[in-house]
Amino acid sequence: MQEKAKARKQSGTFLIEGKREISLALKGRYEIETILFLSEVCSETEARKLSNNAELIEITAAVYQKLAYRDTTEGVLAIAKAKSTQLSDLKLSENPLIIIAEAPEKPGNIGALLRTADAAKLDAVIIANPKSDLYNPNVVRSSVGCLFTNQIATGTTTEIISFLKERNINFYCATLQNSTSYHTQDYTSPTALVVGTEATGLTQEWRDAATQNIIIPMQGEIDSMNVSVAAAILIFEAKRQRGF
């Protein structure tokens, strides 16, 4: 059976699958408790290189098939300790650039956001009112290990707005209502970019509190795009303005 969110939360651990992902978790200073390996696919020597002094356990093909999430496999899994996602634990630069997503439901969208955040080397990714478990195997897989390369925090919309205001971080909310074109704004000072779901957009609390509501002009028939695509457009406009 696949890991369940409740079990992950209770144990404080989660499963990582694949050599690259385990290596990135180690680089991101995640604590690996146990390495599980299938010797006919991944040798004990290979597994030990990923272990960082963690316990090594050889498992059978039958056990591996029950635990593994991917169709293609590398024969190695890790049990790792989850990190805190408290806002207060974030370590921000003097001029931070942050992406905030409110209530994203699809693990694939969260994974794509994390990949974009890694590519842009953002200070942090914040999930408001999370609907999905961050350590869901689909998030780990779709992020291609970028779950481990980003600073991530979660909180309620109210908590996050207070966090931003206390630190004098301007926040720009992508929404259709009362908005101005995204490229007219200045993102060179401490900035957070806020995106909502494709179905419902951002809640009124974000729209009312925003430094400015912004919109990505579109010329087709629809009025919204995939949240991870919209976030990427905003992020790289901010990076362009900052000279990167």
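Since the model is a prediction, treat every value here as computed from it, not as a measurement.

### Examining the overall build of the protein chain
- For the protein chain, the helix and strand inventory stands at nine helices and 11 strands.
- The C-alpha radius of gyration of the protein chain comes to 19 Å, within 12% of the 18 Å expected for a compact globule of 244 residues.
- Counting every position in the protein chain, which comprises 244 residues, the buried fraction comes to 46%.
- Sequence separation of at least 24 residues holds for 77% of the intrachain contacts in the protein chain that already meet a minimum separation of 6.
- By element, 48% of the accessible surface of the protein chain is carried by carbon and sulfur atoms, the whole surface being about 12500 Å².

### Overview of the sheet that holds strand E7 (residues 152-155)
- Taken in spatial order, the seven strands line up as E7-E6-E5-E10-E8-E11-E9 in an open sheet, and their pairing is parallel. Among the strands making up the open sheet, the edge pair consists of E7 and strand E9 (180-181).
- Against the sheet, helix H9 (residues 227-241) engages strand E5 (97-102), strand E8 (170-174), strand E10 (191-195) and strand E11 (212-215), with an angle of about 160° to E10.

### Quick notes on the pairing of strand E1 (residues 13-17)
- With five of five residues buried, E1 is to be regarded as a mostly interior element.
- The alternating pattern of E1 places Thr13, Leu15 and Glu17 and Phe14 and Ile16 on opposite faces, both of which are buried.

### Observations concerning the pattern of salt bridges
- Summed over all chains, the structure comprises six salt bridges.
- Measuring nitrogen to oxygen at the nearest pair gives 3.7 Å for the salt bridge that ties Glu105 to Lys131. Taken together, the positions of Glu105 in the loop between E5 and helix H5 (107-120) and Lys131 in the loop between strand E6 (124-128) and helix H6 (137-142) put the pair 26 residues apart, joining distant regions of the chain. An identical accessibility class is assigned to Glu105 and Lys131; each is exposed.

### As for the packing of aromatic side chains
- Counted under the stated rule, the structure contains seven aromatic pairs.
- Pairing Tyr30 with Phe148 gives two aromatic rings, centres 5.1 Å apart and planes at 75°, and the pair type is edge-to-face. Of this pair, Tyr30 sits in the loop between helix H2 (19-27) and strand E2 (32-37) while Phe148 sits in the loop between H6 and E7, and the two are 118 residues apart along the sequence.
- Residue Tyr30 is classed as buried on the basis of its relative accessible area, which comes to 8%.
- Taken together through their ring pairs, the aromatic side chains of Phe14, Tyr30, Tyr135 and Phe148 make up a single cluster.
- Over the face of the ring belonging to Phe244 we find Lys239, whose NZ or CZ atom lies 4.4 Å from the ring centre.

### Focus on the nonpolar core
- Of all hydrophobic cores here, the largest spans 47 residues; its most connected members are Ile16, Ile32, Ile35, Ile99, Leu114, Phe148 and Leu193.
- Judged by nonpolar contacts, the second largest core, of 20 residues, contains Phe163, Leu164, Phe171 and Cys173.

Conventions we followed
Residues numbered from 1 in each chain as written. Predicted model: local features only at pLDDT ≥ 70, side-chain atom pairs only at ≥ 80, totals over all residues. Heavy atoms only, no water. Helix = DSSP H or I, 4+ residues; strand = E, 2+ residues; numbered from the N terminus. Rg over C-alpha atoms; globule rule 2.2 N^0.38 Å. Buried < 20%, exposed > 50% of the residue type's maximum accessible area, 1.4 Å probe, protein only. Contact = heavy atoms within 4.5 Å. Areas by Shrake-Rupley, 256 points an atom, 1.4 Å probe, with all protein chains shown as cover. Pairing = 2+ DSSP bridges. Axes fitted to C-alpha atoms, helices over the stretch in contact; angles between N-to-C directions. Salt bridge = Lys/Arg side-chain N within 4 Å of Asp/Glu carboxyl O. Phe/Tyr/Trp six-rings, centres within 6.5 Å; stacked < 30°, edge-to-face > 60°. Lys NZ or Arg CZ within 6 Å of the ring centre and 35° of its normal. Core = buried A, V, L, I, M, F, W, Y, C linked by side-chain atoms within 4.5 Å.

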